[in-house]
There are 2 protein chains.
Amino acid sequence: MQRYFAKEKNNNTFILNDNDLYHISTVMRMKNNDLIEVVYDNKLYICQLNIENKNIEVIIKEEVKEKVNSLNVNLILPLLKEQKMDLIIQKATELGVSKLIFLNTERTVVKLDLKKIDSKLDRWYKIAKEASEQSKRLDIPLIEVLSGFKDLEGIKGLNLVCDTKENLKSIKNALKSSESYDTINIVVGPEGGLSNKEIEYLNKIGFKSITFGSRILRVETVPIYLLSIINYEMME
Amino acid sequence: MQRYFAKEKNNNTFILNDNDLYHISTVMRMKNNDLIEVVYDNKLYICQLNIENKNIEVIIKEEVKEKVNSLNVNLILPLLKEQKMDLIIQKATELGVSKLIFLNTERTVVKLDLKKIDSKLDRWYKIAKEASEQSKRLDIPLIEVLSGFKDLEGIKGLNLVCDTKENLKSIKNALKSSESYDTINIVVGPEGGLSNKEIEYLNKIGFKSITFGSRILRVETVPIYLLSIINYEMME
């Protein structure tokens, strides 16, 4: 069943945005009485369409209880070129990321035109929303842009930074840590890595350096890799 | 150091293809006596460039011993649209795939023009070669197109097929299997899944049905996910 995220609830109906209504009527060619899934406020509902002429009403039939993921995984990444950002947002959403935090690092400076930041965030939100619907999530990951690593000070959870030094603890080791945690924050560096200064600062504010193995991966592959193995580690 | 794959060895020099020579001279703007890494016959060499006018000679300085991966991971996948194929080939190469086998399934039929198959294979080889160089592999994964699942009969190794039925053994369970294996062959289905008939046939010829968890992933995400967790499982 097709899933949509609603932004508003009005008594026993949901209000969908225009793109979703277009998707229902024109892309999916749905008919009167067809059923869809709607997520609102992290809850899932089965709804029935009441289509009269061009007017589509989304009527709540029942709420469905779904298990919510109890582990939050937040990734902190360099701002990258548009195509790589899009890929990361889509794939990380499929793989269950809770929050994506982008920032500039010493070795990558992508200039974000402040006038355009809203339209960028809109674009990223759209990609994340679509991927959330397609992968049947109950939430849409948050996407933030921070001014720098200093904004991470005091962040709570199992805090890790992917480092390239030798003889580091492996991520496998870190994930099997005996400390209990409900949030993992992982910093991924740019191509060429984080600078020593950046790593030292992150270590100072509580991010443990870890290695994720001997493979040399492109920056945009690393978040997909990390989320895959965290999913795997949590698997029964 | 930049890595290139050579196709020919001539006494103490390697012959690189024209694209690589162009990359050395024009993209990287390397100079006389600069060093590069060359892989030939799955072995790694440090080489020095002897550049005179437009002529580039690649002279072997020394062989470097690198640990070779002892586990072969082969993925068997539906033929997909070009952009998804390219993404899979690039990312699977980075993540260490040994062989990619593409074929048509009941629910996806991508018509390959037989006249164009050579140019397709050339294109895929190029993507795999570039990703192998970038991720510092000692080999380039093989890419094959099979006519159907029947060609998999008799294939040796730990043979798995990603299935969507409930109550299946998890991939985690399968990877921790007590049988020893040096090759894993995994079949990934198309969007909409393999048909019951296909799964039954694969089960019959020795592919065990497994589940890889509750996430709903796009077809092109599945191979990246599988290779990530296999890398992770093999990690110390």
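Look up: the structure comes first, before these words.
What you see is a predicted model, and the numbers here were worked out from it, not measured in a lab. (Residues numbered from 1 in each chain as written. Chains lettered and ligands numbered in written order. Predicted model: local features only at pLDDT ≥ 70, side-chain atom pairs only at ≥ 80, totals over all residues. Heavy atoms only, no water.)

A. The environment of B:Gly154, seen in detail. For B:Gly154, the position within the fold is in the loop between β9 (142–145) and β10 (158–162). As a C-alpha pair, B:Gly154 and B:Ile205 span 51 residues in sequence and 7.3 Å in three-dimensional space. (Helix = DSSP H or I, 4+ residues; strand = E, 2+ residues; numbered from the N terminus.)

B. Spatial organisation of the interface of chain B and chain A. Across the contact, 32 residues belong to chain B and 32 residues belong to chain A. When the buried area of chain B at its contact with chain A is split by residue, B:Arg215, B:Arg218 and B:Tyr232 rank highest and sum to 25% of it. Across the contact surface, chain B and chain A share 6 salt bridges. Note that A:Glu220 and B:Lys91 form a salt bridge whose closest N and O atoms lie 3.0 Å from each other. For the pair chain B and chain A, the number of links is 18 residue pairs in polar contact (both at pLDDT 80 or more). Secondary structure elements with two or more residues in the side of chain B that touches chain A: α2 (82–94), α3 (117–134), α4 (171–175) and α6 (221–234) of chain B. Class assignment of the residues belonging to the side of chain B that touches chain A gives a composition of 13 nonpolar, 10 polar and 9 charged. (Contact = heavy atoms within 4.5 Å. Buried area = accessible area lost by both parts, 1.4 Å probe. Salt bridge = Lys/Arg side-chain N within 4 Å of Asp/Glu carboxyl O. Polar contact = N/O pair within 3.5 Å; in protein donor to acceptor, adjacent residues only side chain to side chain. Nonpolar A, V, L, I, M, F, W, Y, C, P; charged D, E, K, R; others polar.)

C. A look at the pattern of salt bridges. This model, assessed by the stated rule, comprises 38 salt bridges over all chains. Between A:Glu63 and A:Lys65 there is a salt bridge; the shortest N-O distance is 3.3 Å. A relative accessible area of 34% means that A:Glu63 is categorised as partly exposed. With relative accessibility at 72%, the residue A:Lys65 sits in the exposed group. A salt bridge links B:Arg218 to A:Glu94, with the shortest nitrogen-to-oxygen separation between them at 3.5 Å. Here the residue B:Arg218 occupies a position in the loop between β13 (208–211) and α6, and A:Glu94 occupies one in helix α2 (residues 82–94), the pair thus bridging two chains. (Buried < 20%, exposed > 50% of the residue type's maximum accessible area, 1.4 Å probe, protein only.)

D. Spotlight on helix α6 (residues 221–234) of chain A. Taking 1.5 Å per residue as the helical rise, α6(A) with its 14 residues ought to reach 20 Å, and the 20 Å between its terminal C-alpha atoms agrees with that figure. In terms of burial, α6(A) is largely enclosed, as 13 of its 14 residues are buried. (Expected span 1.5 Å × (residues − 1).)

E. Geometry of the packing of α2(B) against α3(B). Residues and elements named next belong to chain B. With their axes 8 Å apart at the nearest point, α2 and α3 run at an angle of 35° to one another. Our pair here, α2 against α3, has a crossing hand that is right-handed. Only Lys 120, Arg 123, Trp 124, Ile 127, Ala 128, Ala 131, Ser 132 and Gln 134 of α3 make contact with α2, whose side of the interface consists of Glu 82, Met 85, Asp 86, Ile 89, Gln 90, Thr 93 and Glu 94. Of the residues belonging to the contact of α2 with α3, the class tally is 6 nonpolar, 4 polar and 5 charged. (Axes fitted to C-alpha atoms, helices over the stretch in contact; angles between N-to-C directions. Left-handed = near helix turned anticlockwise from the far one by under 90°.)

F. Layout of the relation of the copies chain B and chain A. Overlay of chain B on chain A (RMSD 0.0 Å): rotation 180°, translation along the axis 0.0 Å. Read as a symmetry element, the transformation amounts to a two-fold axis. Judged by C-alpha distance, B:Ile229 is the residue of chain B that lies nearest the rotation axis, at 2.7 Å. (Least-squares fit on C-alpha atoms with pLDDT ≥ 70 in both.)

G. Geometry of the packing of α6(A) against α6(B). For the pair α6(A) and α6(B), interaxial distance at closest approach is 8 Å and the crossing angle is 70°. In terms of orientation, α6(A) lies roughly perpendicular with respect to α6(B). Crossing hand, α6(A) versus α6(B): right-handed. Here α6(A) contributes A:Ile224, A:Tyr225, A:Ser228, A:Ile229, A:Asn231, A:Tyr232 and A:Glu233 to the contact with α6(B), which in turn contributes B:Ile224, B:Tyr225, B:Ser228, B:Ile229, B:Asn231, B:Tyr232 and B:Glu233. Considering only residue class, the contact of α6(A) with α6(B) consists of 8 nonpolar, 4 polar and 2 charged. (Parallel < 35°, antiparallel > 145°, perpendicular 65-115°, else oblique.)

H. Inspection of the side chain of A:Thr105 at higher detail. Residues and elements named next belong to chain A. As for its placement among the helices and strands, Thr 105 is situated in the loop between β8 (99–103) and α3 (117–134). Here the side chain of Thr 105 touches Thr 108 through a polar contact of 2.6 Å, side chain to side chain. Sequence-distant contacts of Thr 105, defined by excluding residues within four places in its chain, comprise Pro 78, Phe 149, Pro 190, Leu 194 and Glu 198.

I. Here's a closer look at a nonpolar patch on the surface. Residues and elements named next belong to chain A. Together, Tyr 22, Val 27 and Met 28 give the surface a local cluster of nonpolar side chains, amounting to about 290 Å² of exposed area. Mapping Met 28 onto the fold places it in the loop between α1 (18–27) and β4 (35–40). Assessed through its relative accessible area of 35%, Met 28 is described here as partly exposed. (Patch = residues over 30% accessible without salt bridge, like charges linked within 9 Å, V, L, I, M, F, W, Y side chains within 5 Å. Areas by Shrake-Rupley, 256 points an atom, 1.4 Å probe, with all protein chains shown as cover.)

J. Summary view of the sheet that holds strand β1 (residues 3–5) of chain B. All names here are of chain B. Spatial ordering of the open sheet is given by β1-β4-β5-β6-β3-β2, a layout of 6 strands whose pairing is mixed. The two strands at the open ends of the sheet, each matched to only one other strand, are β1 and β2 (8–10). Adjacent strand axes in the sheet meet at a mean angle of 40°, parallel and antiparallel pairs treated alike. As judged from the 3 bridges shared by β1 and strand β4 (residues 35–40), these two strands associate in the parallel manner. Bridging across to β4, Phe 5 finds its partner in Val 39. Against the sheet, helix α1 (residues 18–27) contacts β1, β4, β5 (43–52) and β6 (55–64), and its axis sits at roughly 160° relative to β1. (Pairing = 2+ DSSP bridges.)

K. Inspection of the environment of B:Ser177 at higher detail. Assignment of secondary structure puts B:Ser177 in the loop between α4 and β12 (183–187). In sequence terms B:Ser177 and B:Leu112 are 65 residues apart; their C-alpha atoms lie 37 Å from each other.

L. The arrangement of the side chain of B:Glu233 in detail. Note that B:Glu233 resides in helix α6. Looking at B:Glu233, its side chain comes within polar contact range of the side chain of A:Tyr232, at 2.5 Å. In contact with B:Glu233, other than residues within four places in its own chain, are A:Lys172, A:Tyr232, B:Leu175 and B:Lys176.

Interpretation in functional terms is not warranted from these geometric data alone.
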